[in-house]
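Structural features, examined
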Amino acid sequence: MDLETSETLPAELELALAYTPVPLRDRLRTYFALDQRLARIVAATTEPMLGQMRLAWWRDMLGSDPEKRPSGDAVLEAIGEHWRGREPALAKLVDGWEALVVAEQLGEEEIQSFAVGRGAPFLSLIDGSYTDIVESVSAAASRWSLADAASGVSDPAERARLTEAALRVSADTVRLPGELRGLSVLQALALRSLKRGGTPLMQGRRAALTAMRAAILGR
């Protein structure tokens, strides 16, 4: 079973993929699919140690020889196909989610670790010629990471902390390169969500228009 049919993604991620150049689409879909897997692990964790063990399995797989990884898992096989040699960026994604698992209380340090780790794979989508926008890419990815997380938590206090942290991210919204058109879409939806108090990213009729405008302008 291929990744697209086996892993259902939220509407905003499918929209981001639709605006992503075809050569990068499979790599980005794989990242999103792994991210969703890790999010489900964290959401289902009641004992931090068990959650860490499940996340550690993914970290071990990312650090192993692709030829020796177990077969039959669509996400793991897609990683071997589309992220070979770039697995350290996905390992940072695991680290980001683990920051939430081990946190006794969601504080500033845990929030920042989560945002940086979750957004790290986006940096692997650009080459060395874009060194001048690394900070802007990181900020956009963090903004999306936190806004998305805020929209999914049920605790009002945690939602407020995540939203506030996202709003503190640098306001620099420079035009991103075409490779990151999907991130431009997610950033625009995140900003819209934050202005509405942490609502779901695709809530409301104007969400699709916001995404289209961001895809055209790159910001």
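Structure report, in brief. (Residues numbered from 1 in each chain as written. Predicted model: local features only at pLDDT ≥ 70, side-chain atom pairs only at ≥ 80, totals over all residues. Heavy atoms only, no water.)

1. A look at the overall build of the protein
Rules: A run of DSSP states H or I qualifies as a helix once it reaches four residues; a run of E qualifies as a strand once it reaches two. Both are numbered from the N-terminal end. Note on method: radius of gyration uses C-alpha positions; expected globular size equals 2.2 Å times residues raised to 0.38. Between buried and exposed lies partly exposed: a residue is buried under 20% and exposed over 50% of the maximum accessible area for its type, with that area taken using a 1.4 Å probe on protein chains only. Contact between two residues is taken to exist if any of their heavy atoms lie within 4.5 Å; hydrogens are not considered.
Along its length, the protein carries eleven helices and zero strands. Taken from the N to the C terminus, the helices and strands of the protein come in the order α-α-α-α-α-α-α-α-α-α-α. A compact globule built from 219 residues would reach a C-alpha radius of gyration of about 17 Å, and the protein, at 16 Å, matches this within 12%. Principal-axis analysis of the C-alpha atoms gives the protein an extent of 45 × 40 × 35 Å. Per-residue burial over the protein gives 48% buried out of 219 residues. Taking all contacts inside the protein whose residues are at least 6 apart in sequence as the whole, residues at least 24 apart take part in 66%.

2. Overview of the nonpolar core
The following threshold applies: Nonpolar cores were defined as sets of buried Ala, Val, Leu, Ile, Met, Phe, Trp, Tyr and Cys residues, with membership established by side-chain atoms within 4.5 Å.
With 66 residues, the main nonpolar core has Tyr31, Phe32, Leu38, Trp58, Phe122, Trp144 and Leu146 as its most contacted residues. When near neighbours in sequence (up to four residues on either side) are disregarded, phenylalanine 122 contacts Leu28, Tyr31, Phe32, Val137, Ala141, Trp144, Leu180, Leu183 and Leu186.

3. With respect to the packing of helix α10 (residues 181–195) against helix α11 (residues 207–217)
Angle between the axes and distance between the axes are the two parameters that describe a pair of packed helices. Put simply, the rule is: Axis lines are fitted to C-alpha atoms, over the contacting stretch for helices. Their N-to-C directions set the angle, which ranges from 0 to 180 degrees. Angle categories: roughly parallel below 35 degrees, roughly antiparallel above 145, roughly perpendicular from 65 to 115, and oblique for all the rest. Crossing chirality is assigned from the near helix's rotation relative to the far helix, an anticlockwise turn below a right angle marking it left-handed and a clockwise turn marking it right-handed. Gly is placed with the polar residues, together with every amino acid not listed as nonpolar (Ala, Val, Leu, Ile, Met, Phe, Trp, Tyr, Cys and Pro) or charged (Asp, Glu, Lys and Arg).
Contact geometry for α10 and α11: axes closest at 8 Å, N-to-C directions at 135°. With respect to α11, the axis of α10 lies oblique. For the element pair α10 and α11, the recorded crossing hand is right-handed. Where α10 approaches α11, its residues Arg181, Ser184, Val185, Ala188, Leu189 and Arg192 are matched on the opposing element by Ala207, Thr210, Ala211, Ala214 and Ala215. Looking at the contact of α10 with α11 residue by residue, the class counts come to seven nonpolar, two polar and two charged.

4. As for the packing of aromatic side chains
Which entries qualify depends on this criterion: Aromatic rings from Phe, Tyr and Trp, with only the six-membered ring used for Trp, were paired whenever their centres fell within 6.5 Å, and each pair was classed as stacked if the ring planes differed by under 30 degrees, edge-to-face if by over 60, and tilted otherwise.
Scanning the model with the defined rule gives seven aromatic pairs in all. On the numbers, 5.3 Å between centres and 35° between planes, the contact of tyrosine 31 with phenylalanine 32 is tilted. For the pair shown, tyrosine 31 and phenylalanine 32 are each scored as buried. Judged by centre distance (4.9 Å) and plane angle (70°), the rings of tryptophan 97 and phenylalanine 114 are edge-to-face. Taken together, the residues span a long stretch of sequence, with tryptophan 97 in helix α6 (residues 87–102) and phenylalanine 114 in helix α7 (residues 108–123) at a distance of 17 residues. The exposure class of tryptophan 97 is buried, given its relative accessible area of 7%. Grouped by ring-pair contacts, the aromatic residues Tyr31, Phe32, Phe122 and Trp144 constitute a single cluster.

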